[in-house]
Number of protein chains: 2
Amino acid sequence: MGDMVETTDTGLPRAVAIAWGMEEVPQRGPSRGLSHERIVGAAIEIADAEGLAAVTMQAVAKSLGFTTMSLYRYVSSKEELLWLMQDAALAIPEKLKLPADWREALRVWAGVIRVAYRSHSWALDIPRGPVSVLMPNSVRGANHGLAALRDLPLTNDEKIGVILVISQHVAGSVELEQNLADQGVVAVPAEGVKALSEVITPERFPHLVPVMESGNYIADDTPVIESDHGIDPEYDLGLDLLIAGLEAMEQQRRQNPVDTE
Amino acid sequence: MGDMVETTDTGLPRAVAIAWGMEEVPQRGPSRGLSHERIVGAAIEIADAEGLAAVTMQAVAKSLGFTTMSLYRYVSSKEELLWLMQDAALAIPEKLKLPADWREALRVWAGVIRVAYRSHSWALDIPRGPVSVLMPNSVRGANHGLAALRDLPLTNDEKIGVILVISQHVAGSVELEQNLADQGVVAVPAEGVKALSEVITPERFPHLVPVMESGNYIADDTPVIESDHGIDPEYDLGLDLLIAGLEAMEQQRRQNPVDTE
DNA sequence: ATACTCTGTTTATGAGTTACACAGATACGC
DNA sequence: GCGTATCTGTGTAACTCATAAACAGAGTAT
């Protein structure tokens, strides 16, 4: 179940209302010294510089020159702040010029999302749930994805499925990239490889061992060169496969039409 | 960069050594009252029952009838315990009978991974990084994935890419499912939908709005029936597309061979 | 003017990880 | 056998966090 999400009087999660600029600014009290924008901006700066774990209410408040508790006048919990950060970090342009060919369009779209994730990869550590889906940049992203798929003979549900799958692939590959990067490439020294080879034997893992030996699966000591063994190939491969799969589906649909409403 | 990972004298991360049963049991002191297995088991029980957030060193120790600090004789940090939990939760059988046809084999393989993830979905909240890759069940999974791809005309690097992409899809869809489930379906009441419709207009989001209106994208109030609107379709769609993409790639390779070593 | 409401602050609580020092248990070297 | 080094589980305590509660003052509506 999970704890309840703070909602406004419209029934929308507060984070959603804030992100869409729908929160009513109070009239009566003293004028405010802070704003959601400034708070979220400060939090993002910290996350960029020192990682999401360094984003504490105290750190954010301090960087703004306010006390910790003052933030709670703008945000009802840290979770809410994280949602606002996630949305703000994933900036997607409202207007996006997409190529006519759907393949190209999908590539451009995926690229835009990828750039957004990569520029603030900590945003992926914040759970994406029903709240995130209603946030402005998520909505913008979905709109563009559907635009790219416009001419494909798919049902609405299928189109939504496709953009979900693709954006998940993008998110997954960026996340992998990030995790490999910041767990600080565990270069296994020669002695470690020897120890492992006593449990990872060809008899127990007949398909894996040959691949490991021929490739750079385990980097024995040699510090993995970043640019060389990045996961761009993994991103490209996945996208290529998905697009090729869609082409096949398109072919099939053209021969065997389905009511796409 | 991230903090350093605790390693043994072989240079392997301690979690890896423990999981493979390579840690040397001390000789001299009093006999041990606990074991890694019992600790990890207790932690998993808690995670299953109350979620990963409920797994605190204190909770685990208490459920075993020991003090919090006693755990640190077995595990050098909470992070290490989490890695052990992740591996133990993702139990993959060492032997797995795969169909001859690679398409079927991939489906079976993906299904096995999916079942593992689903049975302890909190395991997905633990970052998968270079350490995870060396853990026994990860190695087992990779081995089976490569077995499924045995007959495809791909290079080793491509095969690794494919199993990465697929397992990422599986992980992503289970994670989505979990997040939707435990953020407790934010059913937006009618008033909220109305508020949203003032910012999510057909003019600003021409491709999205029609889809939303025709489908069940936003569930307005009506409590979403679990079984109905699950994300099985999303999982299936992604897997279908990837497999269709691989078929296309196979075709192309058979006509235009490449040295797959 | 007066009452109401909102501001930012101070203070305090409770949960969490983990360092450190201790008393006792156990096996190894002689 | 005996001492010694080593390992056990425990108690205490330091430190970091999120956040509840009460408060004094600022600004607006009546």
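Higher on the page you've got the structure.
Residues numbered from 1 in each chain as written. Chains lettered and ligands numbered in written order. Predicted model: local features only at pLDDT ≥ 70, side-chain atom pairs only at ≥ 80, totals over all residues. Heavy atoms only, no water.

Peer 1: Sorry, what's going on with the overall build of chain A here?
Peer 2: When you go through chain A residue by residue, the secondary structure sums to eleven helices and zero strands. Ordered by position from N to C terminus, the α and β elements of chain A give α-α-α-α-α-α-α-α-α-α-α. Here chain A, with 261 residues, has 49% of them falling under the buried criterion. Within chain A, residue pairs in contact and separated by at least 24 positions form 73% of the contacts whose partners lie at least 6 positions apart. In the form shown here, chain A has an accessible surface area of approximately 13,100 Å², with 53% of it arising from carbon and sulfur atoms. (Helix = DSSP H or I, 4+ residues; strand = E, 2+ residues; numbered from the N terminus. Buried < 20%, exposed > 50% of the residue type's maximum accessible area, 1.4 Å probe, protein only. Contact = heavy atoms within 4.5 Å. Areas by Shrake-Rupley, 256 points an atom, 1.4 Å probe, with all protein chains shown as cover.)

Peer 1: Looking at this structure, how should I read the protein's contact with DNA strand C?
Peer 2: Of all residues adjacent to DNA strand C, which total 27 residues, the nearest are Arg-32, Gly-33, Thr-67 and Arg-73 of chain A together with Arg-28 of chain B. Taking all atoms of DNA strand C within 4 Å of the protein, the share assigned to sugar and phosphate is 62%. In the model, a phosphate oxygen of DNA strand C is placed 2.9 Å from a nitrogen or oxygen of the Tyr-74 of chain A side chain. A distance of 2.6 Å is found between a base oxygen of DNA strand C and a backbone nitrogen or oxygen belonging to Arg-28 of chain B. The residue inventory of the surface near DNA strand C, partitioned by class, reads ten nonpolar, eleven polar and six charged. (Near = heavy atom within 4 Å. Polar contact = N/O pair within 3.5 Å; in protein donor to acceptor, adjacent residues only side chain to side chain. Nonpolar A, V, L, I, M, F, W, Y, C, P; charged D, E, K, R; others polar.)

Peer 1: It is not clear to me how the relation of the copies chain A and chain B should be interpreted in this structure. Could you clarify?
Peer 2: One copy of the chain maps onto the second through a rotation around an axis plus a translation along that axis. Overlaying chain A with chain B gives an RMSD of 0.1 Å, the required rotation being 180° about an axis along which the chain moves by 0.0 Å. Taken together, the rotation and translation describe the operation of a two-fold axis. Across chain A, the smallest distance between a C-alpha and the rotation axis is recorded for Gly-245 of chain A, namely 2.0 Å. A share of 100% of interface residues in chain A that are also interface residues in chain B marks the association as one of identical surfaces. (Least-squares fit on C-alpha atoms with pLDDT ≥ 70 in both.)

Peer 1: Even after reading the chapter, I still don't get the interface of chain A and chain B, so can you show me in this structure?
Peer 2: Many authors give the size of an interface as the accessible area that is lost as the parts come together. Counting residues at the interface gives 75 residues for chain A and 75 residues for chain B. Carbon and sulfur atoms make up 69% of the surface buried where chain A meets chain B, a total of about 6,600 Å² over both sides. When the shortest N-O distance is used, the salt bridge between Arg-204 of chain B and Glu-94 of chain A registers 3.0 Å. Where chain A meets chain B, there are eleven residue pairs in polar contact (both at pLDDT 80 or more). (Buried area = accessible area lost by both parts, 1.4 Å probe. Salt bridge = Lys/Arg side-chain N within 4 Å of Asp/Glu carboxyl O.)

Peer 1: Would you mind showing me how to read the nonpolar core here?
Peer 2: Here is a general trend for soluble globular proteins: nonpolar side chains tend to be buried in one another's company. Counting residues in hydrophobic clusters, the biggest one holds 156 residues, and the most contacted among them are Met-85 of chain A together with Met-85 of chain B. Other than its neighbours up to four places away in sequence, Met-85 of chain B contacts Val-40, Ala-43, Ile-44, Ala-47, Leu-52, Val-55 and Trp-122 of chain B. (Core = buried A, V, L, I, M, F, W, Y, C linked by side-chain atoms within 4.5 Å.)

Peer 1: How should I be thinking about the protein's contact with DNA strand D in this particular structure?
Peer 2: Lys-78 of chain A together with Pro-30, Arg-32, Thr-67 and Arg-73 of chain B are the nearest of the 26 residues found near DNA strand D. Among the atoms of DNA strand D close to the protein, meaning within 4 Å, 64% are from sugar or phosphate groups. Interatomic distance of 2.6 Å between a side-chain N/O atom of Thr-67 of chain B and a phosphate oxygen of DNA strand D. Residue Arg-73 of chain B places a side-chain N or O atom 2.6 Å away from a base oxygen belonging to DNA strand D. Here the residues of the surface near DNA strand D sort into ten nonpolar, eleven polar and five charged.

Peer 1: Which parts of the structure should I look at to understand the side chain of Glu-250 of chain A?
Peer 2: All names here are of chain A. Considering the arrangement of structural elements, one finds Glu-250 in helix α11 (residues 232-255). The class for Glu-250 is buried, based on a relative accessible area of 12%. Setting aside residues no more than four positions away along its own chain, Glu-250 makes contact with Trp-102, Arg-103, Leu-152 and Pro-153.

Peer 1: For this particular structure, what's the right way to read the packing of α11 of chain A against helix α11 (residues 232-255) of chain B?
Peer 2: The contact between α11 of chain A and α11 of chain B brings their axes to 7 Å, and the two run at 90°. Comparing the axis directions of α11 of chain A and α11 of chain B gives the class roughly perpendicular. Of the residues in α11 of chain B, those in contact with Leu-237, Gly-238, Leu-241, Leu-242, Ala-244, Gly-245, Leu-246, Ala-248 and Met-249 of chain A of α11 of chain A are Leu-237, Gly-238, Leu-241, Leu-242, Ala-244, Gly-245, Leu-246, Ala-248 and Met-249 of chain B. (Axes fitted to C-alpha atoms, helices over the stretch in contact; angles between N-to-C directions. Parallel < 35°, antiparallel > 145°, perpendicular 65-115°, else oblique.)

Peer 1: Quick question: what am I supposed to make of the environment of Ile-46 of chain B here?
Peer 2: All names here are of chain B. With respect to the helices and strands, Ile-46 occurs in helix α2 (residues 36-50). Ile-46 sits in the buried class, given a relative accessible area of 10%. Considering only alpha carbons, one finds Ile-46 and Ala-59, 13 residues apart in sequence, at a separation of 8.1 Å. The residues contacting Ile-46, other than those within four sequence positions of it, are Gly-51, Ala-54, Val-55, Ala-59, Val-60 and Ser-63.

Peer 1: Which parts of the structure should I look at to understand the packing of helix α2 (residues 36-50) of chain A against helix α4 (residues 78-89) of chain A?
Peer 2: Helix-helix packing is characterised by the crossing angle of the two axes and by the distance between the axes. Residues and elements named next belong to chain A. Relative to each other, α2 and α4 sit at 75°, their axes nearing to 10 Å. Overall, the two elements α2 and α4 adopt an arrangement that is roughly perpendicular. Counted together, Ile-39, Val-40, Ala-43, Ile-44 and Ala-47 of α2 and Leu-81, Leu-84, Met-85, Ala-88 and Ala-89 of α4 form the full contact between these two elements. Looking at the contact of α2 with α4 residue by residue, the class counts come to ten nonpolar, no polar and no charged.

Peer 1: What should I look at first to understand the environment of Glu-79 of chain B in this one?
Peer 2: Structurally, Glu-79 of chain B is set in helix α4 (residues 78-89). Distance from Glu-79 of chain B to Ile-126 of chain B, taken between C-alpha atoms, is 9.0 Å for residues 47 residues apart in sequence.

Peer 1: Got a minute to help me understand the packing of aromatic side chains in this structure?
Peer 2: The relative placement of two aromatic rings is captured by the distance of their centres and the angle of their planes. Applying the stated criterion to the full structure yields two aromatic pairs over all chains. With a centroid separation of 6.2 Å and 90° between ring planes, the pair formed by Trp-20 of chain A and Phe-205 of chain B is classed as edge-to-face. Taken as a pair, Trp-20 of chain A in the loop between α1 (14-19) and α2 and Phe-205 of chain B in the loop between α9 (190-196) and α10 (208-214) lie in two separate chains rather than in one. Its relative accessible area of 1% is what places Phe-205 of chain B among the buried residues. In this structure, Arg-114 of chain A is placed above the aromatic ring of Tyr-235 of chain A, and the distance from its NZ or CZ to the ring centre is 3.9 Å. (Phe/Tyr/Trp six-rings, centres within 6.5 Å; stacked < 30°, edge-to-face > 60°. Lys NZ or Arg CZ within 6 Å of the ring centre and 35° of its normal.)

Peer 1: What is the right way to look at the side chain of Asn-143 of chain B in this model?
Peer 2: One can find Asn-143 of chain B in helix α7 (residues 136-148). Given a relative accessible area of 4%, Asn-143 of chain B falls into the buried group. Once residues within four sequence positions are removed from consideration, Asn-143 of chain B is found in contact with Arg-204, Phe-205, Pro-206, His-207 and Leu-208 of chain A.

Peer 1: What is the right way to look at the pattern of salt bridges in this model?
Peer 2: Opposite charge on two side chains permits them to pair, given that their charged atoms come into close proximity. All names here are of chain A. Inspection of the entire model under this criterion finds 21 salt bridges over all chains. Residue Asp-240 is joined to Arg-107 by a salt bridge in which the shortest nitrogen-to-oxygen separation is 2.9 Å. In this pair, Asp-240 sits in helix α11 while Arg-107 sits in helix α5 (residues 102-119), placing the two residues 133 residues apart along the sequence. The salt bridge involving Glu-250 is made with Arg-254; its shortest N-O contact spans 3.1 Å. With Glu-250 and Arg-254 both in helix α11 and four residues apart, this pair spans about one turn of that helix. A cluster of three or more residues bridged by salt bridges with shared partners is formed by Arg-114, Arg-118, Glu-177 and Asp-232.

Function cannot be read off these values alone, since they describe shape.
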